[in-house]
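Working through the structure, step by step
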Amino acid sequence: MVRKRYFVKLPLVQEFLKNVGGDAAVGVTDHYEKKGRQVTDEELAKKMKLKVTEIRTVLNRLHYRGIACYKKTKNKKNGWYNYTWEIKKKRIVELIIEEQRESIEKLEQKQVFGKNYDFFSCKKNCSVIPFEIAAEYQFRCPECGETMNSFDYNKRLKDINGQIEIMKKDVGQLQKMTCQENKGRKTQKLGQVLK
Ligand SMILES: [Zn+2]
């Protein structure tokens, strides 16, 4: 249970959910995790003090990315349809890891680029430009017109390295979390069989 609650608290997970489904996506996932079973949009709206239409917008966005899925059942009394929703945590993790991998790749490309070129920039660091282009501008910053000097790319490389390290750690943490959960589920199933 502790591990589950911790999942939604991870900044990486929160940021991802907000990007995909809007601010309320964090609350929706959190509520689903707390309940530990499928929830209806009405229930979520009540709990989060939002309009049902707002909740549906969030759920539809999550559904589009394969994170939320629903079951439709007909209410025999009034003939209306009820929708119960489930949030796929595994899918969230998959998508985050995918995104992180892409970002890491981009940063690594920047690293290679940074090692192979000499860079120039003005005092304000409006933009950091490779030598050839800086020469075309006659070493005047294209944005502010100040003189451009050689830029210390090593410092920037250190920052990039730091970013990559953090991202790799985050990915590792998420992978570990899902592995542990899968293990937990398997033992549970085994337990049921033994009974
Ligand atoms: Zn400038």
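So, here is what we can say about the structure in this document. (Residues numbered from 1 in each chain as written. Predicted model: local features only at pLDDT ≥ 70, side-chain atom pairs only at ≥ 80, totals over all residues. Heavy atoms only, no water.)

**Details of helix α4 (residues 41-48)**
Residues of α4 that are buried: Asp41, Leu44 and Ala45. Taken end-on, α4 shows its buried residues confined to a sector of 100°, consistent with a single buried face. Exposed residues pointing more than 90 degrees away from the buried face of α4 are listed as Lys46 and Lys47. The elements touched by buried residues of α4 are α3 (24-35), β1 (39-40), α5 (52-64) and β3 (81-87). Lysine 49 sits one or two positions beyond α4 and adopts a positive phi of about 55°. (Buried < 20%, exposed > 50% of the residue type's maximum accessible area, 1.4 Å probe, protein only. Helix = DSSP H or I, 4+ residues; strand = E, 2+ residues; numbered from the N terminus. Arc of directions from axis to C-beta. Contact = heavy atoms within 4.5 Å.)

**Some words on the pattern of salt bridges**
Should the charged atoms of two oppositely charged side chains come close, the side chains can pair. Taken as a whole, this structure holds 9 salt bridges when the rule is applied. Between glutamate 43 and arginine 37 there is a salt bridge, with its nearest N and O atoms 3.5 Å apart. Salt bridges here are not isolated pairs; linked through shared partners, they connect Lys35, Arg37 and Glu43. (Salt bridge = Lys/Arg side-chain N within 4 Å of Asp/Glu carboxyl O.)

**A closer look at the packing of aromatic side chains**
Scanning the entire structure with this criterion turns up 7 aromatic pairs. When the centroid spacing of 5.1 Å and the interplanar angle of 55° are considered together, the rings of tyrosine 70 and tryptophan 85 count as tilted. Taken together, the positions of tyrosine 70 in strand β2 (residues 68-74) and tryptophan 85 in strand β3 put the pair 15 residues apart, joining distant regions of the chain. Judged by relative accessible area, which is 41%, tyrosine 70 ranks as partly exposed. Accessibility expressed as a relative area gives 4% for tryptophan 85, which makes it buried. Relative to phenylalanine 131, the ring of phenylalanine 120 lies with its centre 5.9 Å away and its plane at 50°, an arrangement referred to as tilted. With a gap of 11 residues between them, phenylalanine 120 in strand β4 (residues 119-121) and phenylalanine 131 in helix α7 (residues 131-136) connect regions that are remote in the sequence. Through a chain of ring-to-ring contacts, the aromatic side chains of Tyr70, Tyr83 and Trp85 assemble into a single cluster. When the ring centre of tyrosine 81 is taken as reference, the NZ or CZ atom of lysine 72 above it lies at 4.5 Å. One residue, lysine 89, lies across the ring of phenylalanine 7, its end atom 4.7 Å from the ring centre. (Phe/Tyr/Trp six-rings, centres within 6.5 Å; stacked < 30°, edge-to-face > 60°. Lys NZ or Arg CZ within 6 Å of the ring centre and 35° of its normal.)

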